[in-house]
Amino acid sequence: MLKKRLLAMVVRVGVIVFVLCCCLSLIYLLTCKPAHPNQLSLAWAGGVTSKEGYQALLQEREDSHKHYINSLTKQIAQLKEALQERSRQLKDSLDKAKAKGILPQGLDDLHRAPEEQTDLKEFFKTQLSRAEVFSGIKLPTEYAVVPFDSFTLRRVYQMETGLTRHPEERPVRKDRRDELIGMLETALHVLNGRQEHKDRREHKHTYSPTDFIEGLTRTEKDRGTVYELMFKGDGPQDFRLLTFFRPFGPLIKVKNEKVDTGSMLVNIIVPLSKRADTFKQFISNFREVCIQQDGRVHLTVVYFGQDQIDQVKSVLDQTSRETRFRNFTLIQLKEDFSRGRGLEVGARAWRQSQNVLLFFCDVDIYFTSDFLSSCRLNAEPGKKVYYPVLFSLYNPNLVYKNQTPLPPFQQQLVIQKDTGFWRDFGFGMTCQYRSDFINIGGFDRIIKGWGLEDVHLYRKYLHSKLMVIRSTTRSLFHLWHEKHCSNELPPDKYNMCMQTKAMSEASHGHLGELFFKQEIEAHLNSQK
């Protein structure tokens, strides 16, 4: 008799739980299904080409759902509470029945389900702990690094291009497009959730795709996929940084933190020898980006030798007079040029108590204010260093050989297959805190001249517990210049210099046109 009563009660509880689940699913289908499911995908596919058009679509979607949100949230919360209560009652009944030895046959699997769910959660936690999310993983060489791809609302910036894919392109594959759209929607749901508004009652801000700045993603084949998404914050120097991890299973929210970059000073260190004309171009970019737009930077120039030093001083003095900017440091070394030596001296010359963020930069680099934000967000003292993969521009005389005169400089800053390439073999441009640089041992002081000093420093970080953020960036360019490889270089450095020179001239297609120029001209003449 007792078994029959218990079985009847278990059946009733099961029916109630089933009905509650059906109600919850029905409410979700009726109210949560978007009226226009392809609106976000239009931005990726190119259906909306203007910011105003995208905002109009977004506003239409928000208006259509706005009156559902409060009531739907309450109903879901009530149903969840009821479902949890019924589940607890069912579990208690099954536990009592099992203790008395009267558990009806066929309910063993139902009783074991919570334990299996716990095992699944433990598996996900194990995968998360193995992934490079909270701390770095020691790697043997630079070839073991899995770089991040960066993406915006409309573009993906990828390193693995080969001869068919492009360094910048729309996510053409539907699964890839849906993955990134879903990731963005999940992040917006987290930012606009009830708990977020509860924590920020004074400043209620509804996040939208227009607040999205940039995302990073990479997949480690034996662990899962990591996503880092950056959004604008409440102020011009505030950001929201969200980290997600998909361990080949359901998505897990890892971090949701507010980052204030207002007090993060960036010390840009530039080693220099001669090249005064190139330095003038660098200062022009520095004035626009660092002085007029950002304002939280310090420039340290380490100059080798005497030749053209007066011209460099004149440029700095003129900039200081015209902009009233005083955050300059000029260090002169009367010795042969050594990039590693210059960066080492510049980093150690900082005498203020603040643990400053260092940006090791060359004079032929062009960057935007967005890159300074990425520099601040992707470097953290004692935790991670940022090694961006910059876009190296080809020889404009070859890229625009059919255009006279050449396009203006700003119009040449285009990420395309025929205009440049991702400089994935270069590790010279990096953002790292001075404390990490000192603790890791700095540069190898034995290396002289050009090359290898940056690779050695990069390997030190790979062998440490710091996380190395290696990612493409659309806001950092290497400007083409004629490269001279000195005969005084040892064979390994000379070969590296010549390989870099060859790769920097033109694309595979343009080099092919030059190599087969006579055959092409002969064919054209034969067609006349």
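Reading the values: the criteria
Residues numbered from 1 in each chain as written. Predicted model: local features only at pLDDT ≥ 70, side-chain atom pairs only at ≥ 80, totals over all residues. Heavy atoms only, no water. Disulfide = S-S within 2.5 Å. Helix = DSSP H or I, 4+ residues; strand = E, 2+ residues; numbered from the N terminus. Buried < 20%, exposed > 50% of the residue type's maximum accessible area, 1.4 Å probe, protein only. Core = buried A, V, L, I, M, F, W, Y, C linked by side-chain atoms within 4.5 Å. Contact = heavy atoms within 4.5 Å. Bend = angle between axes of the 7 residues up to and from the residue. pLDDT = per-residue confidence, 0-100. Phe/Tyr/Trp six-rings, centres within 6.5 Å; stacked < 30°, edge-to-face > 60°. Lys NZ or Arg CZ within 6 Å of the ring centre and 35° of its normal.

Considerations on the state of the cysteines
- Within the structure shown, the criterion is met by two disulfides.
- Residue pairing for Cys375: its cysteine sulfur links by disulfide to Cys431, the two sulfurs lying 2.1 Å apart. Its S-S torsion of about -120° marks the bond between Cys375 and Cys431 as left-handed, since a negative value means left-handed. With Cys375 in helix 10 (residues 369-378) and Cys431 in strand 15 (residues 430-433), this pair connects stretches of sequence that are 56 residues apart.
- We classify Cys375 as buried; its relative accessible area is 0%.
- On the basis of relative accessibility, which here comes to 0%, the residue Cys431 falls in the buried class.
- Each bonded cysteine in the protein gets a number by its place in the sequence, and the pairs come out as 1-2, 3-4.

Quick look at the nonpolar core
- Membership of the largest hydrophobic core comes to 47 residues, with the highest contact counts inside it found for Ile268, Phe279, Phe282, Phe286, Leu299, Phe359 and Phe367.
- Residue contributions to this core peak at seven residues, all from helix 7 (residues 276-294).
- In this view, Phe359 contacts Val266, Asn267, Ile268, Ile269, Phe367, Phe371, Met429, Thr430, Cys431 and Leu476; residues no more than four positions away in its chain are not counted.
- Among the nonpolar cores identified, the runner-up in size contains 22 residues, and Leu265, Ala347, Val385 and Leu457 belong to it.

A closer look at helix 7
- Taking the largest bend as the criterion, helix 7 deviates by roughly 35°, centred on Phe286.
- Listed as buried for helix 7 are Ala276, Phe279, Phe282, Ile283, Asn285, Phe286, Val289, Cys290, Ile291 and Asp294.
- Looking at the packing, one finds that the buried side of helix 7 touches strand 8 (266-272), strand 9 (297-304), helix 8 (309-323), strand 10 (328-333), strand 12 (365-367) and helix 10.
- In the segment just after helix 7, Gly295 is the residue with positive phi, at about 80°.

Side note on the confidence of the model for the protein
- Counting all residues, the mean pLDDT for the protein is 82, and 76% of those residues have values of 70 or more.
- Confidence, expressed as mean pLDDT per element, reaches its minimum in the protein at helix 2 (residues 39-45) with 50 and its maximum at strand 11 (residues 357-360) with 98.
- Contacts from residues 33-39, a stretch scored under 50 in pLDDT, to residues over four places away or in other chains number eight contacts.

Examining the packing of aromatic side chains
- Here the structure, examined in full by the defined rule, presents 27 aromatic pairs.
- The interplanar angle of 85° and the centroid separation of 6.4 Å between the aromatic rings of Tyr157 and Trp422 together place this pair among those described as edge-to-face. In this pair, Tyr157 sits in strand 2 (residues 156-157) while Trp422 sits in strand 14 (residues 420-422), placing the two residues 265 residues apart along the sequence.
- On the basis of relative accessibility, which here comes to 6%, the residue Tyr157 falls in the buried class.
- Considering the side-chain rings of Tyr366 and Phe409, the 5.5 Å spacing of their centres and the 75° angle between planes classify their relative orientation as edge-to-face. Within this pair, whereas Tyr366 is found in strand 12, its partner Phe409 is found in the loop between helix 11 (396-399) and strand 14, the two being separated by 43 residues in sequence.
- In this structure Phe409 comes out as partly exposed when scored by relative accessible area, which is 29%.
- Members of the aromatic cluster, connected to one another through ring pairs, are Phe279, Phe282, Phe286, Phe325, Phe328, Phe359, Phe367, Phe371 and Tyr386.
- Here the basic side chain of Arg470 rests over the ring of Tyr458, its NZ or CZ set 5.8 Å away from the ring centre.

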